[in-house]
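Residue-level structural notes
Chain residues, written in single-letter form:
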Amino acid sequence: MISLIPSWAHHYDEFWSTLRKRNLWFIKLRFGAAVMLASAVLSAEFLLNLKLTAIQETALYTITFSILAYNVLLVYIRQFVKCSAEAFNPIHISLIQMSLDLLVLQLLCYYTGGIESPLFMLFVFHVIIGSLILPGRIVYTFVTATIAAFTLVIYLEYAGILTHHGISGLLSAPLYNNNAFIVLHLSMFAFVLIMCVVITNRIANELYRMEQELFDSLDKLKSAEAEKQKYIMGVVHEIKTPLSALQSYLDIILEKYLGPLDEKVEEKLSRSRVRSQEAISLIDDILKISKIKLMDELNLEKISIVDLISMLTDRQSVNFHKKVISLSINNLRSNDGMIEGDRLLLEIAFSNLINNAIKYTGYNGKIDIDISDTKNDLTITVSDSGVGIPQEELNKIFNDFYRASNIKHKEYYGTGLGLSIVKQIITRHKGEVSVTSPSKLKTASNPGTAVTVILPLAV
Ligand code: ATP
Ligand code: MG
């Protein structure tokens, strides 16, 4: 079988999806065209006082009805289309559409006067749309066939073999039997159609090609990013190994296996232990981000977010007690829909948000976790009565390593990667995350922060 797919279309998914969109667009236009045709027939008779014979009226209304009928049929058969070169695909739908339309247009012209018909200009319009959808060689074949068929009908009318159906009241004298008029009109008709295909096809091909090139570049960018992530993971991992060894030695010394320690030395070594732990946490965060970015597939399962959040807050109960923070989890959902997600990743995301809320909220503060739903989404908002985030920094807060200027970095240890990890995870789950400050829990001294996550519900 001859492949109808152009040689430059290597991003098949995009190619098929563009073709499907253009086919649908063609179908929608056709509904409009059928309505316009019916109104044109009516206005020709009632507004322009043109006379149509009974045969013409019957033919024109039958054609209008046929257009509507095959358009409905096209909508129906579109669902059986498979985006594969071997199967019944969008190019076949385009071919069927174009063939039927050209046939109908030929009939329309014939029943409205042949060479005298004002409707033959519609061929131009049609050829342009066809060129946007079909590969060049097919459109050229169609155009050649159309010109040949149109010429044949005109000369059959001229020779008196086919009955001429002129619109009475339109011309003062018939022109279908005027050879000079026919030759001139047909040559112009052929020239315009061919030029239209040449120009439109070139533009459409160029557009397709540019689109494909864009996807090529995107692919290259993605693989370059993957390479970068792998490189980062390799380097960071190499740094982690000696750091962990260093920590083990520090532990041995601090646990006094090698003998008693001077108080000053112990204090300095303890600080070193804390700093090396911070470096290891940073490395772990970077490794996490790289892993999420490199992850091709999520390990999907149905998850109850309410249960997941209760479990995470239970895990953190010591920290809530330590800072005397009152926590309330408000389940405001109307249904108990589940999320389809990767449990491990969602645990990381929500525990980051809960950790932040605890870390940046002072003693005797408040944290609310509200869970609500709409028909398709679940919304989880973690609000706190903590230090808040300056308004002008809210849009930077999801950037890697960004830490707001209102916190003393020594007082609140962190790497500035937590929210970036959250964003990666939520985006991978086709969700959204946003942050506002002040929150609903603001107090006289603290504005508080609210982080909202929206996740699609499992179907
Ligand atoms: P870590 O990577 O260890 O989580 P971090 O908490 O500093 O470090 P993020 O969680 O990414 O990093 O948060 C980025 C910054 O956003 C924080 O440094 C802090 O300034 C601000 N922030 C995040 N959550 C809150 C919150 N609940 N209240 C106030 N500020 C917050
Ligand atoms: Mg954090």
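Keep in mind that what you see is a predicted model, and the values were worked out from it rather than measured.

The next thing to look at is the packing of aromatic side chains. Taken as a whole, this structure holds nine aromatic pairs when the rule is applied. On the basis of an interplanar angle of 65 degrees and a centroid distance of 5.7 Å, the ring pair of F123 and F150 is categorised as edge-to-face. Placement of F123 in helix α4 (residues 122-133) and of F150 in helix α5 (residues 136-158) is noted, with a sequence separation of 27 residues between them. Here F150 falls in the buried class, since its relative accessible area comes to 2%. Relative to F189, the ring of F123 has its centre 5.5 Å away and its plane inclined at 75 degrees; by these criteria the two rings are edge-to-face. Of this pair, F123 sits in helix α4 while F189 sits in helix α6 (residues 179-254); the two residues are 66 residues apart in sequence, bridging distant segments of the chain. Here F189 falls in the buried class, since its relative accessible area comes to 4%. Of the aromatic side chains, those joined through ring pairs into one cluster are F120, F123, F150 and F189. When the ring centre of F26 is taken as reference, the NZ or CZ atom of R30 above it lies at 5.0 Å. The ring of F398 carries K423 above its face, with NZ or CZ at 5.2 Å from the centroid.

Let us look at the pairing of strand β6 (residues 432-436). Consecutive side chains of a regular strand alternate in pointing toward one face of the sheet and then the other. Along β6, the buried face is formed by V433 and V435; none of E432, S434 and T436, which line the opposite face, is buried. Pairing of β6 with strand β7 (residues 450-456) involves five bridges; the strand directions are antiparallel. Following the sheet pairing, T436 is matched in β7 by A450.

Along helix α8 (residues 305-315), the positions that sit buried rather than exposed are I305, V306, L308, I309, L312 and T313. Viewed end-on, α8 has its buried residues packed into an arc of 160 degrees, placing them on one side of the element. For α8, the exposed residues set more than 90 degrees away from the buried face come down to D307, D314 and R315.

Within the open sheet, the five strands sit side by side as β2-β4-β5-β7-β6. Their pairing is mixed. The open sheet terminates on both sides in strands that have one partner only, identified here as β2 (326-331) and β6. Shown here is a sheet whose adjacent strand axes are inclined to one another by a mean of 10 degrees, direction ignored. Pairing of strand β4 (residues 366-373) with strand β5 (residues 377-384) involves seven bridges; the strand directions are antiparallel.

Around ligand 1, the surrounding shell holds 21 residues, and the nearest of these are N356, R403, T415, G418 and L419. Measuring from an oxygen atom of ligand 1, one finds a backbone N or O atom of G416 at 3.0 Å. One nitrogen or oxygen atom from the main chain of G418 is found 2.8 Å from an oxygen atom belonging to ligand 1. When ligand 1 is considered free in solution it has 580 Å² of accessible area, and contact with the protein chains removes 95% of it. Sorting the residues of the shell around ligand 1 by element identifies α10 (343-359) and α11 (418-428) as the ones contributing at least two each. For the shell around ligand 1, the element with the most residues is α10, which contributes three residues.

As a further point, take the packing of α10 against α11. The interhelical angle for the contact between α10 and α11, taken along N-to-C directions, is 145 degrees, at an axis separation of 9 Å. α11 is crossed by α10, and the crossing has left-handed handedness. Touching L345, L346, I348, A349, N352, L353 and N356 of α10 are G418, L419, I421, V422, I425 and I426, all from α11. Partitioning the contact of α10 with α11 into residue classes produces ten nonpolar, three polar and no charged.

Membership of the largest hydrophobic core comes to 51 residues, with the highest contact counts inside it found for I305, L346, F350, I380 and L455. Considering each element in turn, this core owes the most residues, nine residues, to α10. Residues in contact with F350, not counting those within four places in the same chain, are I305, L308, I309, L312, I380, V453 and L455. L37, F120, I167 and C196 belong to the second largest nonpolar core, which has 48 residues in total.

About the criteria used
- Residues numbered from 1 in each chain as written.
- Chains lettered and ligands numbered in written order.
- Predicted model: local features only at pLDDT ≥ 70, side-chain atom pairs only at ≥ 80, totals over all residues.
- Heavy atoms only, no water.
- Phe/Tyr/Trp six-rings, centres within 6.5 Å; stacked < 30°, edge-to-face > 60°.
- Helix = DSSP H or I, 4+ residues; strand = E, 2+ residues; numbered from the N terminus.
- Buried < 20%, exposed > 50% of the residue type's maximum accessible area, 1.4 Å probe, protein only.
- Lys NZ or Arg CZ within 6 Å of the ring centre and 35° of its normal.
- Pairing = 2+ DSSP bridges.
- Arc of directions from axis to C-beta.
- Axes fitted to C-alpha atoms, helices over the stretch in contact; angles between N-to-C directions.
- Near = heavy atom within 4 Å.
- Polar contact = N/O pair within 3.5 Å; in protein donor to acceptor, adjacent residues only side chain to side chain.
- Areas by Shrake-Rupley, 256 points an atom, 1.4 Å probe, with all protein chains shown as cover.
- Left-handed = near helix turned anticlockwise from the far one by under 90°.
- Contact = heavy atoms within 4.5 Å.
- Nonpolar A, V, L, I, M, F, W, Y, C, P; charged D, E, K, R; others polar.
- Core = buried A, V, L, I, M, F, W, Y, C linked by side-chain atoms within 4.5 Å.

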